[in-house]
Amino acid sequence: MAERLFRACFTDGLNIADPAVLDRLAAETGVTAASGGAQALRAELARVRALGLPDPPVLLRADGPVLSGEIREDDVLAALAG
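The model shown is predicted, which means the values in this text are computed figures rather than measured ones.

What counts, and at which threshold
- Residues numbered from 1 in each chain as written.
- Predicted model: local features only at pLDDT ≥ 70, side-chain atom pairs only at ≥ 80, totals over all residues.
- Heavy atoms only, no water.
- Helix = DSSP H or I, 4+ residues; strand = E, 2+ residues; numbered from the N terminus.
- Rg over C-alpha atoms; globule rule 2.2 N^0.38 Å.
- Buried < 20%, exposed > 50% of the residue type's maximum accessible area, 1.4 Å probe, protein only.
- Contact = heavy atoms within 4.5 Å.
- Areas by Shrake-Rupley, 256 points an atom, 1.4 Å probe, with all protein chains shown as cover.
- Lys, Arg positive; Asp, Glu negative; His and termini not counted.
- Charge placed at Lys NZ, Arg CZ, Asp CG, Glu CD.

Draft legend 1. Structural context of the overall build of the protein. In terms of helices and strands, the protein carries four helices and two strands. Mapped from its N terminus to its C terminus, the protein presents α and β elements in the order α-α-α-β-β-α. Over its C-alpha atoms the protein spans a radius of gyration of 17 Å, topping by over 25% the 12 Å that the globule rule assigns to 82 residues. Considering only C-alpha atoms, the protein reaches an extent of 40 × 30 × 20 Å along its principal axes. Of all 82 residues assigned to the protein, the portion counted as buried reaches 9%. Of all intrachain contacts in the protein linking residues separated by at least 6 positions in sequence, the fraction that spans at least 24 positions is 12%. When the accessible surface of the protein is totalled, it reaches about 6,600 Å², and 58% of it is carbon and sulfur. Side chains of the protein give 8 positive and 12 negative charges; the mean places of these two sets differ by 5 Å.

So, in structure tokens, the structure goes:
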């Protein structure tokens, strides 16, 4: 689906924000909607917002440091190694 979304947007010039386009692309790729998906997404967004993280870019890794702002490659490598 991700590959199809990129092709739809950048090659086919489709509006991937249009629900009808998304429905068609999902059908093409065999993606089906799960019940409660919208509620689960809203709950996850609320959970992340409640963390009070600064504006993007933010890299958050479980049990690792929170990287935000201008993130250097060395910082990412150190965070992944740790």
